[in-house]
Amino acid sequence: MPRLAKEYNECDQHEKAYQSQDAVFVARKREIGNRRQKPMRFVRAVGLGIKTPATAVEGNYVDKKCPFTGNVSIRGRILKGIVISTKMKNTIIIRRDYLHYISKYRRFEKRHKNVAAHCSPAFDVKEGDVVTVGQCRPLSKTVRFNVVAHEPAKNVSAGKKSFRVF
């Protein structure tokens, strides 16, 4: 099990505003004789059988839209897809392939949908990786999902738009 930090470790300051977690009071005074101290990093379990990654517990990033360290709950659908774009900051596009049945011809046709998902800094996601996303409240105009698990790519040779079932 990853250990929680007892002393405050300042996070990466690369934004204009000061970055700190909402649930952690930085200027807390030490209490003498107190055996159990609260950790200086807010981390929680998402539930639904999803494990909290070690990078979320031990890292020093601040992301208010992260399901492990921020103020976002995962509820509703859990989906899997292949990452096709990581060009946006903290947002990825995943491709979900499926088969649609045409009753007139008694055959299936290939279809796909692209879904935008928020990707926490706890995950190092690249194009071609398979990610599991969970539904959450709307985070922006198009983003309604959050990455909760990540599997590295197995075969990188396949193209972006090829129909793949993972």
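Before reading on, note that the structure itself is shown above.
As the structure is a computational prediction, the values presented were derived from the model and not from experiment. (Residues numbered from 1 in each chain as written. Predicted model: local features only at pLDDT ≥ 70, side-chain atom pairs only at ≥ 80, totals over all residues. Heavy atoms only, no water.)

### As for the overall build of the protein chain
Where we set the bar: Under the scheme used here, helices are H or I runs from DSSP no shorter than 4 residues and strands are E runs no shorter than 2 residues, and both carry numbers assigned from the N terminus. Relative accessibility thresholds used throughout: buried, under 20% of the residue-type maximum; exposed, over 50%; partly exposed, between the two (1.4 Å probe, protein chains only). Only heavy atoms enter the contact rule, under which two residues are in contact if any of them lie within 4.5 Å.
Counting secondary structure elements, the protein chain contains one helix and five strands. Reading the secondary structure of the protein chain in the N-to-C direction produces α-β-β-β-β-β. Counting every position in the protein chain, which comprises 166 residues, the buried fraction comes to 33%. The contacts in the protein chain between residues at least 6 apart in sequence include a share of 55% that link residues at least 24 apart.

### Description of the pattern of salt bridges
Our working definition: Salt bridges, as used here, are contacts in which a Lys or Arg side-chain nitrogen is within 4 Å of a carboxyl oxygen on Asp or Glu.
Enumeration according to the criterion identifies four salt bridges in this entry. Among the ionic pairs, Lys 126 bridges to Asp 124, the shortest N-O distance being 3.0 Å. When its relative accessible area of 47% is taken as the criterion, Lys 126 is described as partly exposed.

### Some points on the pairing of strand β1 (residues 78–88)
Our working definition: Only when DSSP finds a minimum of two bridges between them are two strands counted as paired.
Sheet topology places β1 next to strand β4 (residues 130–135); five bridges connect them, and they run antiparallel. Of the residues in β4, the one forming a bridge with Ile 82 is Val 130. Sheet analysis places β1 next to strand β2 (residues 91–102), joined by four bridges and oriented antiparallel. What sits directly across from Ile 82, in β2, is Arg 95.

### What to know about the side chain of His 118
Among the structural elements, His 118 can be located in strand β3 (residues 107–118). Sequence-distant contacts of His 118, defined by excluding residues within four places in its chain, comprise Asp 63, Lys 65, Cys 66, Asn 90, Thr 91, Leu 139, Val 143, Phe 145, Asn 146 and Val 147.

### Thoughts on the sheet that holds β3
Just so we agree on the cut-off: Fitted lines through C-alpha atoms give the axes, limited to the stretch in contact for helices. The angle between two N-to-C directions lies from 0 to 180 degrees.
The mixed closed barrel is built from five strands, whose spatial order is β1-β2-β3-β5-β4. Averaged over all pairs of adjacent strands, the angle between their axes in this sheet comes to 50 degrees, without regard to strand direction. In terms of strand pairing, β4 meets strand β5 (residues 145–151) through six bridges, oriented antiparallel. Following the sheet pairing, Gln 135 is matched in β5 by Phe 145.

### Here's the deal with the nonpolar core
Rule in force here: Residues enter a nonpolar core if they are buried and are Ala, Val, Leu, Ile, Met, Phe, Trp, Tyr or Cys, with the set joined through side-chain atoms within 4.5 Å.
Ranked by internal contacts, the top residues of the largest apolar core, which has 29 residues, are Phe 68, Ile 92, Ile 94, Val 125, Val 131, Val 133 and Val 147. Only β1, β2, β3, β4 and β5 provide two or more residues apiece to this core. Aside from chain neighbours lying at most four places away, what touches Val 131 is Leu 79, Lys 80, Gly 81, Val 83, Ile 92, Ile 94, Val 125, Val 147, Ala 149 and His 150.

### Some remarks on the environment of Gln 13
For Gln 13, the location among the structural elements is in the segment before α1 (54–58). Assessed through its relative accessible area of 34%, Gln 13 is described here as partly exposed. Sequence separation between Gln 13 and Tyr 61 is 48 residues, and the spatial gap between their C-alpha atoms is 9.0 Å.

### Some words on unusual backbone geometry
Phi at Leu 48 takes a positive value of approximately 60 degrees, unusual for a residue other than glycine. One can find Leu 48 in the segment before α1.

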